[in-house]
Every structure is written in C-alpha cells, then in structure tokens.
Amino acid sequence: KKNEIFNNLFVLELANNHWGDLKRGKKIIRQFAKVVKENKVKAAIKLQFRDVDNFIHNDFKDKGKGVDLLKLPKRSRYIQKTSKTKLTYDEFKELINYIKKYDCIPMSTPFDEKSVDWCVKMGLSIIKVASSDINDWFLLQKIAQTKLPVIVSTGGANDKQIDDVVKFFQNRNIPLSVNHCVSKYPSEDHELELDQIDYLKQKYPDIVIGLSTH
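What comes next concerns the included structure. Quick caveat, the model's predicted, so the values are computed rather than measured.

## Description of the overall build of the protein chain
A tally of regular secondary structure across the protein chain gives 8 helices and 7 strands. When burial is assessed residue by residue, the protein chain has 45% of its 214 residues classed as buried. Relative to all contacts within the protein chain whose residues are 6 or more apart in sequence, the contacts with residues 24 or more apart total 68%. Summed over all atoms, the accessible surface of the protein chain reaches about 12100 Å², with 49% contributed by carbon and sulfur.

## Observations regarding the sheet that holds strand β4 (residues 126–129)
Within a sheet, neighbouring strands are paired by backbone hydrogen bonds and run either parallel or antiparallel to one another. One open sheet accounts for 7 strands, arranged β1-β2-β3-β4-β5-β6-β7; its pairing is parallel. The open sheet terminates on both sides in strands that have one partner only, identified here as β1 (9–13) and β7 (208–211). Averaged over neighbouring strand pairs, the angle between their axes works out to 30° when direction is ignored. The pairing of strand β2 (residues 42–49) with strand β3 (residues 105–110) spans 6 bridges and is parallel. Directly across from Ile45, in β3, lies its bridge partner Pro106. Most of the contacts of helix α8 (residues 195–203) go to β7, to which it runs at about 165°, and overall it touches β6 (176–180) and β7.

## Examining the side chain of Glu13
Checked against the element boundaries, Glu13 lands in strand β1. Of note is the side chain of Glu13, whose polar atom sits 2.9 Å from the side chain of Lys46. Within the structure, the side chain of Glu13 is placed 3.2 Å from the side chain of Gln48, a separation counted as a polar contact.

## Examining the packing of helix α1 (residues 22–39) against helix α4 (residues 89–101)
Interhelical geometry of α1 versus α4 gives an angle of 20° and a closest axis separation of 10 Å. Here α1 lies roughly parallel to α4, going by the angle between them. Considering how the two elements wind past one another, α1 and α4 form a crossing that is right-handed. Judged by residue contacts, Leu22, Gly25, Lys26, Ile29 and Arg30 of α1 engage Glu91, Glu94, Leu95, Tyr98 and Ile99 from α4. Considered class by class, the residues forming the contact of α1 with α4 number 5 nonpolar, 1 polar and 4 charged.

So, how was this worked out
- Residues numbered from 1 in each chain as written.
- Predicted model: local features only at pLDDT ≥ 70, side-chain atom pairs only at ≥ 80, totals over all residues.
- Heavy atoms only, no water.
- Helix = DSSP H or I, 4+ residues; strand = E, 2+ residues; numbered from the N terminus.
- Buried < 20%, exposed > 50% of the residue type's maximum accessible area, 1.4 Å probe, protein only.
- Contact = heavy atoms within 4.5 Å.
- Areas by Shrake-Rupley, 256 points an atom, 1.4 Å probe, with all protein chains shown as cover.
- Pairing = 2+ DSSP bridges.
- Axes fitted to C-alpha atoms, helices over the stretch in contact; angles between N-to-C directions.
- Polar contact = N/O pair within 3.5 Å; in protein donor to acceptor, adjacent residues only side chain to side chain.
- Parallel < 35°, antiparallel > 145°, perpendicular 65-115°, else oblique.
- Left-handed = near helix turned anticlockwise from the far one by under 90°.
- Nonpolar A, V, L, I, M, F, W, Y, C, P; charged D, E, K, R; others polar.

Here is the structure:
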C-alpha cells in the first residue's frame, strides 16, 4: 500500500527543455496538463535540480563558453547547457507551484545534496534518482533522510548495484519504484530491451516497475 503513489503514474520531463526560461517552463507545464486532463491519467511533472555554482568544477566552467552548443565536444556541450539553463530557487519554486495549480504531482531529480534540501523545502511528493547516481551513496543517504517516495532508474547498473539500492531503501521503509532504463535518448524501439521489465517484476514482486525513457 505504501507504494500506491507509483501505480499507473506517468512522469513527464521538464529538464533542460525549459531552456532556463521561466515563461517557457510554464508553457510546457500547461501543455502537459492539457494532455493529462484530456486522457484522465495520473501524472507527475519532473524537474532537475542542480546547485549549478558548485556542480561544475571551476576548471571547466568556461569550457566552450560563447560557442554554439552543437559545435562543442560532448562534455563541453553538457557543461554549457547546464550553465545556460540554470534557474534560481525562487524560479523553481514558482514552477513547482504552477505544477500543483494544474493538478499534477511535482517531483524532481536532485543531482547534489543541496538540491535534496530544495526538494524538501518545496514540498515535493517524489524524488527521482538518476541512473548515473544509483551508486552515489552520499546522495542516496541524503535522499533517504527525507523519507519521501523514491523512483530509481537502472540505466547501466548491474544486478548487484540494483540489489544494493533496492535493499538500501527497503531497509529504511521508504516507498520505492524501479524504472528500467537503457540510458540512450532518444531510443529506437529495438534498443529498449523491454524484456528487462518482466525480469525486474519477477525479481522484485513487491515493487512497482516502470520504464524510463525520453
């Protein structure tokens, strides 16, 4: 029963696609909410929180600055995209309130400990663990302290890593869902490896298993 929040839940992504623009973020929320209402589904809208000033190492902050993102190497492109799409705490809070206004569930992927605090302060309902952080135990400890329901994406994790994170949250009696994920965006149908969902359902019968893809 404690995992009911995950049942039949659709998660809609509001990550860097807001372009660091509050007005554009609100437009996306309105468009998502229209689809949610028309289809009468339960949906969350998920942001990504980063303490950008400390998330990017000082030695790399100027890499590719002022250059067209498409012309940059992949690492520099990611750094500049993260910098350019930065929103303040108050701007994120405004988006969270906007999500609630349109009767969707607010949630976020926090990529650092400070961002976990933001999740609590903003009254989020669910915290998402990115597949890249499935073994970031400092971050996972911080998330567990909130006692909020957690969704974990498996990404490139192996069986032991998935087992470890499942046991970690279950031992703390924290509602948990596990999402199969191939960590390739966008993915072609033949790359999705959907049989892994059945594998995870058999392995963790008491956990809601989902699919994470963009």
